Amino acid sequence: MSKNIDWSNLGFGYMETDKRFVSNFKDGAWDEGALIDDPMVTMSECACVLQYAQTVFEGLKAYTTEDGKVVCFRPDLNAARLADSARRLKMPVFPEDRFVEAVVKTVEANLDYVPPYGSGATLYIRPYMYGKNAVIGVKPADEYEFRVFCTPVGPYFKGGAKPITIRVCDYDRAAPHGTGHIKAGLNYAMSLYAIVDAHNQGYDENMYLDAATRTKVEETGGANFIFITKDGKLVTPKSDSILPSITRRSLMVVAEKYLGMEVEHREVYFDELKDFAECGLCGTAAVISPVGKIVDHGKEICFPSGMDEMGPVTKKLYDTLTGIQMGRIEAPEGWIKVIKE
Ligand code: PLP
Ligand code: COI
């Protein structure tokens, strides 16, 4: 029985659900793992994750489709990205096929929390892993925990599909040593000061520029950028120091193969922004959130699509992507993992 939740009014928050998946790595091997009830984690006060932030995570969603199935979107890409993140922090890789299996098991065990089709909500799934044993010298842990929990969520930005305002950020987001392309807790910790500062000043998000020259557009704290040119091309920044967004990679295919658009994945200079017709943020949590305005130290760049609604090309991308995710439009081979028929 579906839970009695006011799905349409959910924000992007955490709600405890019934089960979570846990597997432990010890003596060089992962155990078989299990679904458990207890949402609390207990560990050493000196755990590597607590002292040296040895933790990485993923985010993906499960959807109820138009015909009542429960599916998730490209979980194999999240598995591969978590493996990359783990390798960069000297953590053992959780096998990619087992990652997908753990996601499926977690959703199956919490089916009552999967929001109904058309409610505007989805089930956000959070796989993650961390170094668990006590470590006091700076070195990786020997014992790790891999977990998956899920929680029903609504839109990431308040106001749903209303365009947001972002500001050019003076801080660098990624922790040093080239970790910007992985989903490590430390990168997000490094963005907390900037996001609170942005919100305090009335902005919804930060636009990070490349740290070396501060001339190129990177991404925001939780999403990649997409831009639409006046002649209808999709342009999206290429950089080794941004997260390789699965939504962005999917949109590049959607634009080209479903909408017949030209796609440019390249360096995007800040100076070009004034020439674009539309701008959006894309990600699992953000889906596609339109950006109406970018503020650069008091100077405003206003996109012609305005502050009232999503631009027309962004809307087409949004409708096609969510149509694929919710089963209204046929997906490319391998994009949809069915969890419940
Ligand atoms: N960039 C950052 C920093 C993120 O946290 C996310 C969210 O996962 C994204 C981009 C979008 O990635 P994806 O589309 O894989 O969710
Ligand atoms: C996601 O979109 O899954 C993210 O991780 C973004 C944010 C919630 C951290």
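This text goes with the structure placed above it.
**Digging into the state of the cysteines**
Counted according to the given criterion, the structure contains 0 disulfides. Here Cys-72 is not cross-linked by a disulfide; its sulfur's nearest cysteine counterpart is in Cys-150, at 11 Å. No disulfide involves Cys-279; its sulfur sits 10 Å from the nearest other cysteine sulfur, which is in Cys-282. Classification of Cys-279 by relative accessible area gives buried; the value is 2%.

**Quick word on the layout of surface pockets**
In this structure, the largest pocket encloses a volume near 960 Å³. At the level of elements, β7 (122–131), β8 (144–153), α4 (185–189), α5 (192–200), β10 (205–207), α6 (246–258) and β14 (278–283) are the ones that each hand at least two residues to the lining of the largest pocket. Residues that form the lining of the largest pocket fall into these classes: 20 nonpolar, 17 polar and 8 charged. Approximately 440 Å³ is the volume attributed to the second largest pocket. Listing elements by their share of the lining of the second largest pocket, those giving two or more residues are β5 (60–64), β15 (287–296) and α7 (312–325).

**Describing the packing of aromatic side chains**
The final tally for this structure, using the stated rule, is 17 aromatic pairs. Measuring from centroid to centroid gives 6.1 Å for Phe-99 and Phe-146, while their planes differ by 55°, and the two rings are tilted. Here Phe-99 is found in helix α3 (residues 96–108), whereas its partner Phe-146 is found in strand β8, with 47 residues between them in sequence. Each member of the pair Phe-99 and Phe-146 is classed as buried. Ring plane angle 75° and centroid distance 5.8 Å describe the contact between Tyr-128 and Phe-149, whose orientation is recorded as edge-to-face. Of the two residues, Tyr-128 is situated in strand β7 and Phe-149 in strand β8; the sequence distance between them amounts to 21 residues. In this structure Tyr-128 comes out as buried when scored by relative accessible area, which is 17%.

**Quick look at unusual backbone geometry**
Notably, Asp-27 is not glycine yet its phi reads approximately 50°, a positive angle. Residue classification places Asp-27 among the exposed positions, given a relative accessible area of 74%.

**Structural notes on the pattern of salt bridges**
Enumeration over the complete set of coordinates arrives at 17 salt bridges. Note that Asp-67 and Lys-69 form a salt bridge whose closest N and O atoms lie 3.5 Å from each other. Take Asp-67: its relative accessible area is 56%, and that puts it in the exposed class. For Lys-69, a relative accessible area of 24% translates into the label partly exposed. One network of salt bridges, with partners in common, ties together Lys-233, Glu-264, Arg-266 and Glu-272.

**Re the packing of helix α2 (residues 75–88) against α3**
The contact between α2 and α3 brings their axes to 9 Å, and the two run at 125°. By the angle between their axes, α2 is oblique relative to α3. Relative to α3, α2 is oriented so that their crossing is right-handed. In contact with Pro-75, Asp-76, Asn-78, Ala-79, Ala-80, Leu-82 and Ala-83 of α2, α3 contributes Glu-96, Phe-99 and Val-100. Its residues assigned to classes, the contact of α2 with α3 comprises 7 nonpolar, 1 polar and 2 charged.

**Some thoughts on empty space enclosed by the protein**
Leftover empty space is mapped by rolling, across the atoms, a probe with the size of a water molecule. In total, this model carries 1 cavity of 30 Å³ or more according to the counting rule given. Its volume calculated, the largest cavity comes out at about 110 Å³. Considering the residues around the largest cavity, the lining is formed by Leu-60, Lys-61, Tyr-63, Phe-73, Asn-78, Ile-246, Thr-247, Gly-283, Thr-284, Val-287, Leu-321 and Gln-325. Going through the elements one at a time, β5, α6 and α7 are the ones with two or more residues in the lining of the largest cavity. With 3 residues, the single largest contributor to the lining of the largest cavity is β5. Of the residues assigned to the lining of the largest cavity, the class counts are 6 nonpolar, 5 polar and 1 charged.

**Some points on α6**
Its 13 residues place the ends of α6 17 Å apart at the C-alpha level, agreeing with the 18 Å of an ideal helix rising 1.5 Å per residue. All of the buried residues in α6 are Ile-246, Thr-247, Arg-248, Ser-250, Leu-251, Met-252, Val-254 and Ala-255. Looking one or two residues past α6, Gly-260 carries a phi angle of roughly 65°, positive in sign.

**Some thoughts on the side chain of Lys-61**
By the secondary structure assignment, Lys-61 is in strand β5. Look at Lys-61: it is buried, it has no salt bridge, and the nearest opposite charge is Glu-58 at 13 Å. Separated by 2.8 Å, the side chain of Lys-61 and the backbone oxygen of Thr-284 make a polar contact. Contact partners of Lys-61, with chain neighbours within four places excluded, come to Val-71, Cys-72, Phe-73, Thr-122, Leu-123, Tyr-124, Ile-125, Val-153, Thr-284, Ala-285 and Val-287.

**Concerning the environment of Val-153**
By the element assignment, Val-153 lies in strand β8. Exposure remark for Val-153: the relative accessible area of 1% places this residue in the buried category. Sequence separation between Val-153 and Gly-137 is 16 residues, and the spatial gap between their C-alpha atoms is 39 Å. Sequence-distant contacts of Val-153, defined by excluding residues within four places in its chain, comprise Leu-10, Gly-11, Phe-12, Gly-13, Lys-61, Ala-121, Thr-122 and Tyr-124.

Calculation rules
- Residues numbered from 1 in each chain as written.
- Chains lettered and ligands numbered in written order.
- Predicted model: local features only at pLDDT ≥ 70, side-chain atom pairs only at ≥ 80, totals over all residues.
- Heavy atoms only, no water.
- Disulfide = S-S within 2.5 Å.
- Buried < 20%, exposed > 50% of the residue type's maximum accessible area, 1.4 Å probe, protein only.
- 1 Å grid on protein atoms, 1.4 Å probe; cavity = no way out; pocket = protein on both sides within 12 Å on 5 of 7 lines; lining within 4 Å.
- Points joined across faces, edges and corners; volume = space filled by probe spheres on them.
- Helix = DSSP H or I, 4+ residues; strand = E, 2+ residues; numbered from the N terminus.
- Nonpolar A, V, L, I, M, F, W, Y, C, P; charged D, E, K, R; others polar.
- Phe/Tyr/Trp six-rings, centres within 6.5 Å; stacked < 30°, edge-to-face > 60°.
- Salt bridge = Lys/Arg side-chain N within 4 Å of Asp/Glu carboxyl O.
- Axes fitted to C-alpha atoms, helices over the stretch in contact; angles between N-to-C directions.
- Parallel < 35°, antiparallel > 145°, perpendicular 65-115°, else oblique.
- Left-handed = near helix turned anticlockwise from the far one by under 90°.
- Contact = heavy atoms within 4.5 Å.
- Expected span 1.5 Å × (residues − 1).
- Lys, Arg positive; Asp, Glu negative; His and termini not counted.
- Polar contact = N/O pair within 3.5 Å; in protein donor to acceptor, adjacent residues only side chain to side chain.

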